[in-house]
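Residue-level structural notes
Each chain, letter by letter, is given below.
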Amino acid sequence: MVAFFANLIYLFPGRKLTVIGVTGTDGKTTTVNLIYHILKSNGKKVSMLTSIGASVGKTEFETGFHVTTPNPFALQKFLRRAVQSKSEYFVLEVTSHALDQYRTWGVPFRIGALTNITSEHLDYHKTFDNYLHAKEKLLKMAKIAIVNRDDGSYTLLSEAKNTKENKNWITYGFSESADVNLINFPFESRVMIGSFNKYNVLAAVTVCKSLGLNPAEIRNAMKTFKLPLGRVDFVYDKEFAVIIDFAHTPNAFDQLLGSLRVQTKGRIIHVFGSAGERDHSKRPFMGETSSKHAD
């Protein structure tokens with residue numbers, strides 16, 4: 001009901017945009033920023049909204065949100081600003097909470113992309129199945145569903161897959177069984193270290209190919225991409241390195257620290273925390289994963 005009135009007040013702005021939604025446990029912000037960068041580098045008028053902030057037209061906003069996907073009124077206001085700035089595309093980071101609470105109701109997603117699903121936010125969703133089905137809503141709403149063929153959640157997405165025609169269900173991954181893979185779309189990037197970031201790149205590549213960009217346009221744009229703040233962010237790199245990363249799940253720890261382990265000659269010291277009133281069940285696994293890779 002709240003989302004309906006928000007759409008009504010702001011005149012359903014999403015209908016005048018090509019909206020791309022990105023959901024998943026890890027990698028959403030990086031993937032959104034990469035899609036935005038590729039589109040913008042190729043002369044497309046594009047806006048985006050992530051957990052870090054918003055870029056609408058030529059204006060950068062510090063949203064100050066304590067949630068990644070804002071309430072319906074704030075979301076529709078940003079979509080309206082994007083329309084007023086003459087944007088053609090809007091790339092939106094979408095959370096399971098937002099999908100479950102219908103914050104994105106009325107947003108006509110052209111593409112819904114899924115990075116991965118591992119156990120998270122069980123303080124809210126209670127079970128992994130509930131969490132997965134919340135994420136799955138984006139794939140069911142979107143005209144084109146883009147999914148990670150290699151992720152453990154892939155075989156559990158039958159409900160979303162069965163609502164799509166084959167042409168609207170596109171996979172990406174490392175193996176030849178995926179529609180977009182490292183064989184038919186090889187790439188090199190100095191900033192996108194680790195296999196987890198290769199998946200983020202493949203997700204963004206698949207989205208941009210679905211929007212009509214050709215491989216040369218995508219590769220050229222990738223050459224100038226810089227990771228967003230707080231994502232494998234080298235804040236000091238002289239006699240030793242200090243990196244800040246937003247990793248906050250056991251899977252993200254495993255991917256990040258595993259990638260750094262093979263590149264590090266000396267010790268890895270890992271400092272992390274866990275939000276006070278959030279999912280308690282993941283904490284032992286965060287500690288276990290950290291101790292597996294870090295000294």
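Cut-offs used in this document
- Residues numbered from 1 in each chain as written.
- Predicted model: local features only at pLDDT ≥ 70, side-chain atom pairs only at ≥ 80, totals over all residues.
- Heavy atoms only, no water.
- Helix = DSSP H or I, 4+ residues; strand = E, 2+ residues; numbered from the N terminus.
- Rg over C-alpha atoms; globule rule 2.2 N^0.38 Å.
- Buried < 20%, exposed > 50% of the residue type's maximum accessible area, 1.4 Å probe, protein only.
- Contact = heavy atoms within 4.5 Å.
- Lys, Arg positive; Asp, Glu negative; His and termini not counted.
- Charge placed at Lys NZ, Arg CZ, Asp CG, Glu CD.
- Pairing = 2+ DSSP bridges.
- Polar contact = N/O pair within 3.5 Å; in protein donor to acceptor, adjacent residues only side chain to side chain.
- Axes fitted to C-alpha atoms, helices over the stretch in contact; angles between N-to-C directions.
- Parallel < 35°, antiparallel > 145°, perpendicular 65-115°, else oblique.
- Nonpolar A, V, L, I, M, F, W, Y, C, P; charged D, E, K, R; others polar.

The next thing to look at is the overall build of the protein chain. In terms of regular secondary structure, the protein chain is built from 11 helices and 11 strands. In terms of overall dimensions, the protein chain is globule-like: its C-alpha atoms have a radius of gyration of 19 Å, near the 19 Å expected for 295 residues. Summarising its shape, the C-alpha atoms of the protein chain cover approximately 55 × 45 × 40 Å along the three principal directions. For the protein chain, with 295 residues in total, the buried portion stands at 52%. For the protein chain, the proportion of contacts with a sequence separation of at least 24, taken over those separated by at least 6, is 69%. Both charge centroids of the protein chain, one from 37 positive and one from 27 negative side chains, sit 8 Å from each other.

The next thing to look at is the pairing of strand β2 (residues 46-49). Both faces of β2 are covered, namely the face carrying Val46 and Met48 and the face carrying Ser47 and Leu49. By the bridge criterion, 4 bridges tie β2 to strand β5 (residues 89-93) in an arrangement that is parallel. The partner of leucine 49 across the bridge, within β5, is leucine 92. With 2 bridges joining them, β2 and strand β3 (residues 54-56) adopt antiparallel strand pairing. Following the sheet pairing, leucine 49 is matched in β3 by alanine 54. Between β2 and β3, which pair antiparallel in sequence order, lie 4 residues.

This brings us to the environment of valine 180. Note on placement: valine 180 falls in strand β9 (residues 180-181). With a relative accessible area of 5%, valine 180 lands in the buried category. Valine 180 sits 33 residues away from valine 147 along the chain, and the two C-alpha atoms are 10 Å apart.

Here we come to the side chain of glutamate 136. In this fold, glutamate 136 is placed in helix α6 (residues 128-141). Looking at glutamate 136, its side chain comes within polar contact range of the side chain of histidine 133, at 2.9 Å. Every residue in contact with glutamate 136, bar those within four places of it in the chain, is listed here: Leu156, Leu157, Ser158, Glu159 and Ala160.

Overall, mixed pairing links the 9 strands, which are arranged β4-β3-β2-β5-β1-β6-β7-β8-β9 in an open sheet. Looking at which strands have only one partner, the edges of the open sheet turn out to be β4 (59-61) and β9. Sheet topology note: the strand β8 (residues 169-173)/β9 ladder contains 2 bridges and is parallel. When the bridges of β9 are listed, glycine 173 appears paired with asparagine 181. Set on the sheet, α6 makes contact with β1 (18-23), β6 (109-114), β7 (144-148) and β8; between it and β6 the angle comes to about 140 degrees.

Here we come to the environment of glutamate 93. When you line up the elements, glutamate 93 lands in strand β5. A residue is classified by how much of its surface remains accessible, and glutamate 93, at 3% relative accessible area, is buried. In contact with glutamate 93, not counting residues within four places along its chain, are Val22, Lys28, Thr29, Val32, Leu49, Thr50, Ser51, Thr68 and Thr69.

Moving on: the packing of helix α10 (residues 250-263) against helix α11 (residues 283-293). The description of two helices packed together rests on the angle between their axes and the distance between the axes. Running from N to C, α10 and α11 point in directions that differ by 5 degrees, and their axes come no closer than 9 Å. In terms of orientation, α10 lies roughly parallel with respect to α11. Within the contact between the two elements, α10 uses Pro250, Phe253, Asp254, Leu257, Gly258 and Arg261 and α11 uses Phe285, Met286, Thr289, Ser290, Lys292 and His293. Of the residues in the contact of α10 with α11, the class split is 5 nonpolar, 4 polar and 3 charged.

Next up on the list: unusual backbone geometry. Notably, lysine 86 is not glycine yet its phi reads approximately 70 degrees, a positive angle. Within the secondary structure layout, lysine 86 lies in the loop between α3 (72-84) and β5. Taking the relative accessible area as the measure of exposure, lysine 86 reaches 59% and is therefore exposed. For tyrosine 102, which is not a glycine, the phi torsion comes out positive at approximately 60 degrees. Mapping tyrosine 102 onto the fold places it in the loop between α4 (96-100) and β6.

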